Amino acid sequence: MDRIRIRGGNPIRGKIPIGGAKNAALPLMIACLLTDAPLRMTNVPELADIKTLIDLLVSHGVDVQVAPEPMANGCRTYTLRANTITSTTASYDLVRKMRASVLVLGPLLARFGQAKVSLPGGCAIGTRPVNLHLAGLRELGAEIEIEDGYILAKAPKGGLKGGTVRFPMISVGATEDLMMAAALTEADIVLENAACEPEIVDLAKLLSTMGASIEGAGSSRMVIRGRNQLMGANHSVVPDRIEAGTYAMAAAITGGSVELPGVGAELLGAVIEALVHAGVEVSLSREGVKVKADGRLRAVDVNTAPFPGFPTDMQAQMMALMATAEGTSIITETIFENRFMHVPELARMGADIAVKGNTAVVRGVKTLKGAPVMATDLRASVSLVLAGLHAQGETIVNRVYHLDRGYQALDQKLAACGADIERIAG
Ligand code: EPZ
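If you're wondering where the values come from, they're calculated on a predicted model, not measured in any experiment. (Residues numbered from 1 in each chain as written. Predicted model: local features only at pLDDT ≥ 70, side-chain atom pairs only at ≥ 80, totals over all residues. Heavy atoms only, no water.)

*Asks:* Explanation requested: the overall build of the chain in the structure shown.
*Replies:* Scanning the chain from N- to C-terminus turns up 14 helices and 24 strands. Expected size for 426 residues packed as a compact globule is a radius of gyration near 22 Å; at 21 Å, the chain falls within 12% of this value. Overall, the chain is about 65 × 45 × 40 Å in size when its C-alpha atoms are taken along their principal axes. Within the chain, the proportion of its 426 residues that are buried is 56%. In the chain, once contacts between residues fewer than 6 apart in sequence are set aside, the share between residues at least 24 apart is 74%. For the chain, the distance from the average position of its 42 positive side-chain charges to the average position of its 43 negative side-chain charges is 2 Å. (Helix = DSSP H or I, 4+ residues; strand = E, 2+ residues; numbered from the N terminus. Rg over C-alpha atoms; globule rule 2.2 N^0.38 Å. Buried < 20%, exposed > 50% of the residue type's maximum accessible area, 1.4 Å probe, protein only. Contact = heavy atoms within 4.5 Å. Lys, Arg positive; Asp, Glu negative; His and termini not counted. Charge placed at Lys NZ, Arg CZ, Asp CG, Glu CD.)

In structure tokens form, the structure reads like this:
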């Protein structure tokens, strides 16, 4: 298994290319299942999760073509065509590898009237059930049973029907699943208490280009009027706000400065706010966002929340930053019940963090010390990389495969900005 070795202390300085958002690209590419016409998707990051998704799409019979030349930021262009679907089953092997695979449920059900999708099972950061997806689709008339670990879904004769789905809690995935099913249903479907993340807005943009009418994307109430046939489309994946936020924090934790081209401040609202409170300078350039830090940062309290709140996907990185700030910061995780797995690893590097329930009390120390550390999930791993960039001495981050799920060429991008970082194969 590959590892990453970091010798900390170098400020991160330079321009870092940001790829398309993993969490946007996954549902956007799954939307190819809604039509027999080709979907051309640019700005797709090269990540392990995208490879898993392609395996899944191919298992359904989708024709997947990738342009031979990468884009300037290293991302790829794919053409996906679902004109000969050979299977409406998503196997356990693929879904357990990547939970987002469950999003094929809505599109397959809307287009073929049936789908069999494995239940994803547990996850390192929480139990993450899919009950909201199922309840929403039932509201549109689907009959759903669970058998042998699989979701068996059937649409009524004549297809899914219109109606109002009010989510009891905000879920990005359930909103996306329902949006895709609704886009191919010729009726008015209202989604209330919907997620508002930029990835939702990007999916709405694509579904609109494909022919659906969608009002209110980016607000908590969406009105979707679908069509019984959707068109193909060309679409470019929205930039990855979590990748951008992570590099902003790499500059902040090392007293460096980075420019993040192509990233609008609206993608990073709550993250920029927290950084500014901590004493980081954030400005807008013609190309994107610029982040600059000098000296020790101040402690800031953070509560994770659905967009536009502080993203749970930036909580671990913020904690690494706060572990070195002046003062005590309270970090509360409200989205996932087990997303503090990075705490004991940061503690091995000298961080002073006490966890009680969903709250972490982080007492900043002047410097962290390098250590061998182990990661449990994607964002936890990258928080250890950030801590390693700051720490005195050598840090070895094990289980790099977690990072490969969500950060393209992380070591190369950081090394190009002055980090002493290398990937060790084996
Ligand atoms: C998406 O996961 C992201 N993944 C996650 O990114 C992100 O952390 C999360 O949204 C929150 O922003 C992708 O987009 C592929 P949810 P998702 O449904 O859709 C509960 C990363 O690091 N819930 O918004 O699965 C759930 O357990 C990842 O890139 C139910 O109870 O998240 C959680 O507590 C990790 N029942 C909360 O809702 C359901 O049916 C929010 O989950 C669905 C969700």
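Text resumes after the structure shown.
*Asks:* What exactly am I supposed to notice about the packing of helix α5 (residues 131–139) against helix α6 (residues 172–183) here?
*Replies:* When two helices pack together, their arrangement is given by the angle between their axes and by how far apart the axes lie. Following both chains from N to C, one finds α5 and α6 inclined at 30°, their axes separated by 8 Å at the closest point. Taken together, the axis directions place α5 and α6 in an arrangement best described as roughly parallel. Crossing hand, α5 versus α6: right-handed. Contact with α5, carried on its side by L132, H133, G136 and L137, involves G173, A174, D177, L178 and A181 of α6 and no other residues of that element. Among the residues forming the contact of α5 with α6, the class breakdown is five nonpolar, three polar and one charged. (Axes fitted to C-alpha atoms, helices over the stretch in contact; angles between N-to-C directions. Parallel < 35°, antiparallel > 145°, perpendicular 65-115°, else oblique. Left-handed = near helix turned anticlockwise from the far one by under 90°. Nonpolar A, V, L, I, M, F, W, Y, C, P; charged D, E, K, R; others polar.)

*Asks:* How should the site of the ligand be read in this particular structure?
*Replies:* Within the structure, the ligand sits among 22 residues, and N131, S171, D313, I335 and R379 are positioned closest to it. Contact between the ligand and G173: an oxygen atom at 2.8 Å from a main-chain N or O atom of the residue. Within the side chain of D313, a nitrogen or oxygen atom sits 2.6 Å from an oxygen atom of the ligand. Protein chains shield 86% of the accessible area of the ligand, which is 830 Å² for the free molecule. The biggest single contributor to the shell around the ligand is α5, with three residues. Residues that form the shell around the ligand fall into these classes: eleven nonpolar, six polar and five charged. Counting residues domain by domain, the shell around the ligand receives three or more from each of domain 1 (3–15 + 240–424) and domain 2 (24–236). (Near = heavy atom within 4 Å. Polar contact = N/O pair within 3.5 Å; in protein donor to acceptor, adjacent residues only side chain to side chain. Areas by Shrake-Rupley, 256 points an atom, 1.4 Å probe, with all protein chains shown as cover. Domains from an automatic or database assignment.)

*Asks:* So what exactly am I meant to see when it comes to the pairing of strand β13 (residues 221–225) here?
*Replies:* The two faces of a sheet get side chains in turn, since along a regular strand they alternate between them. Side-chain alternation along β13 places M222 and I224 on a buried face and R221, V223 and R225 on a face that remains uncovered. Of the pairings in the sheet, the one linking strand β12 (residues 213–215) to β13 comprises three bridges and is antiparallel in character. By the bridge assignment for β13, E215 is matched with V223. A loop of five residues connects β12 with β13, the two strands running antiparallel in sequence, and G216 in this loop sits at a positive phi of about 90°. (Pairing = 2+ DSSP bridges.)

*Asks:* Just checking my understanding: could you explain the domain arrangement of the chain for this structure?
*Replies:* How big an interface is tends to be expressed through the accessible area that disappears when the partners come together. Domains assigned within the chain are domain 1 (3–15 + 240–424) and domain 2 (24–236). One C-alpha centre belongs to domain 1, the other to domain 2; they are set 30 Å apart. For the pairing of domain 1 and domain 2, the buried interface totals around 1,500 Å² over both sides, and the portion due to carbon and sulfur atoms is 53%. Summed over the three residues of domain 1 that lose the most area to domain 2, namely F307, R405 and Q408, the buried surface amounts to 42% of that side. Viewed at the interface, domain 2 and domain 1 are joined by two salt bridges. One salt bridge connects R241 with E199, and the closest N-O pair in it is separated by 2.9 Å. Our enumeration of links across domain 1 and domain 2 arrives at nine residue pairs in polar contact (both at pLDDT 80 or more). Counted by class, the side of domain 1 that touches domain 2 contains six nonpolar, four polar and six charged residues. (Buried area = accessible area lost by both parts, 1.4 Å probe. Salt bridge = Lys/Arg side-chain N within 4 Å of Asp/Glu carboxyl O.)

*Asks:* Help me understand the pattern of salt bridges in this model?
*Replies:* Between side chains of opposite charge, pairing is possible as soon as their charged atoms come close. Enumeration over the complete set of coordinates arrives at 19 salt bridges. Linking D377 and R339 is a salt bridge whose minimum nitrogen-to-oxygen distance equals 4.0 Å. With D377 in the loop between β22 (372–374) and α12 (378–390) and R339 in the loop between β19 (328–332) and α11 (343–348), this pair connects stretches of sequence that are 38 residues apart. Note on accessibility: D377 and R339 belong to one class, buried.

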